[in-house]
Amino acid sequence: MPIDVATPRMPDAGLRDAAPLPMPALPDLAAVVALTRAAGQAIMTLYGPGIDCWTKSDDSPVTAADMAAHQVLSAGLAALTPDIPVISEEAVTAADLSHGAPAATFWLVDPLDGTREFLSRNGEFTVNAALIHDGRPVMGVVGIPATGRIYAGGPDGAVVIEPSGTTMAITVRPVPDDGAVALVSRSHADRRTGDWLAAHGITRSRAAGSSLKLCLIAEGLADVYPRLGRTMEWDIAAGHAVLAAAGGHVDRLMDGLPLGYGKPGLDNPDFIARGGWQSAAAI
């Protein structure tokens, strides 16, 4: 089916009342996994002290490893799906941000999510590629270069792929009897997050970096991740796709509606990623 690459999506795509657009034929998930693995290998050749690092206009760090992974993913996805535009964090322009989604279907890429984790060498950084259609992530791959593990999700469900090639299906879990485990950002945790957890009676938490948090919920190793603070769509799109394929949800904190993609600015409101957990107010 031809992909519409000319019509910009509306604000809060995927949340409006219009009928959903027909789903296009999806690319081969295994091919996206292979590209993600290659990008991770490019990152690991630069993993260590002394890497070139500079600061972007938003004061976030970027390294030569970010750019190496960007080149692998951008070129690879363009070759795999020539008719689908690619938005990568490392190539996006102010005009791209102001217009939002470039088409009904597009790739959203974060070549190295967790640059601070990369620089601190704690291993919790990821490679992310998500296919967005009609405002929602319909396919996503998250690679963890330091361990070689890869998470992937699409219409057929979610899996984790070990470095050996062993593939295991994953799903979110019911909340355990001893209470939900929350994930908090290793680099961006703040008092607001602590207050939110206390207000919802969540007493157990663990810190993690990057989009790995959404994948840990998808794998059934945690239950909820509240993010109160600014993020960009490319930060979570691939993890959102994996989590959704595993039976989870990512909802806007303001109103509980599903988080949409392709918004002007490409930035996210506060959101909650969750597996089987839900707020007592929603029960």
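Right above here is the structure, for reference.
Notes on the structure follow. This is a predicted model, so every value here is computed, not measured.

1. A closer look at the packing of helix 1 (residues 29-44) against helix 2 (residues 64-80)
Part 1 of the reasoning: Here helix 1 crosses helix 2 at 160°, and the two axes come no closer than 8 Å. Here helix 1 lies roughly antiparallel to helix 2, going by the angle between them. As helix 1 packs across helix 2, the resulting crossing turns out to be right-handed. Within the contact between the two elements, helix 1 uses A31, V32, L35, T36, A38, A39, A42 and I43 and helix 2 uses A65, A68, A69, V72, L73, G76, L77 and L80.
Part 2 of the reasoning: Classifying every residue of the contact of helix 1 with helix 2 gives 14 nonpolar, two polar and no charged.

2. Re the pattern of salt bridges
Part 1 of the reasoning: A complete count under the given rule lists ten salt bridges for this structure.
Part 2 of the reasoning: Between R149 and E219 there is a salt bridge, with its nearest N and O atoms 3.0 Å apart. Of this pair, R149 sits in strand 7 (residues 149-154) while E219 is found in the loop between helix 6 (212-218) and strand 12 (224-227), placing the two residues 70 residues apart along the sequence.
Part 3 of the reasoning: The class of R149 is buried, set by a relative accessible area of 18%.
Part 4 of the reasoning: For the salt bridge of D267 with R230, the shortest nitrogen-to-oxygen distance reads 3.9 Å. In this pair, D267 sits in strand 15 (residues 267-268) while R230 sits in the loop between strand 12 and strand 13 (231-232), placing the two residues 37 residues apart along the sequence.

3. Regarding the sheet that holds strand 3 (residues 86-88)
Part 1 of the reasoning: Taken in spatial order, the seven strands of this open sheet run 3-4-5-6-7-8-9, and their pairing is mixed. Bordering the open sheet on either side are strand 3 and strand 9 (167-170), each of which pairs with just one other strand. Here the strands of the sheet are splayed against their neighbours by 20° on average, with no regard to which way each runs.
Part 2 of the reasoning: Direction of pairing for strand 6 (residues 136-144) relative to strand 7: antiparallel, over a ladder of five bridges. Among the inter-strand pairings, G143 is bridged to a residue of strand 7, identified as I150.
Part 3 of the reasoning: Across the sheet, helix 1 lies against strand 4 (105-113), strand 5 (126-133), strand 6, strand 7 and strand 8 (157-161), angled at about 40° from strand 6, the strand it touches most.
Part 4 of the reasoning: Contacts from helix 7 (residues 233-245) reach strand 3, strand 4, strand 5, strand 6, strand 7, strand 8 and strand 9 within the one sheet, and its direction differs from that of strand 6 by about 100°.

Each value, and the rule that gives it
- Residues numbered from 1 in each chain as written.
- Predicted model: local features only at pLDDT ≥ 70, side-chain atom pairs only at ≥ 80, totals over all residues.
- Heavy atoms only, no water.
- Axes fitted to C-alpha atoms, helices over the stretch in contact; angles between N-to-C directions.
- Helix = DSSP H or I, 4+ residues; strand = E, 2+ residues; numbered from the N terminus.
- Parallel < 35°, antiparallel > 145°, perpendicular 65-115°, else oblique.
- Left-handed = near helix turned anticlockwise from the far one by under 90°.
- Contact = heavy atoms within 4.5 Å.
- Nonpolar A, V, L, I, M, F, W, Y, C, P; charged D, E, K, R; others polar.
- Salt bridge = Lys/Arg side-chain N within 4 Å of Asp/Glu carboxyl O.
- Buried < 20%, exposed > 50% of the residue type's maximum accessible area, 1.4 Å probe, protein only.
- Pairing = 2+ DSSP bridges.

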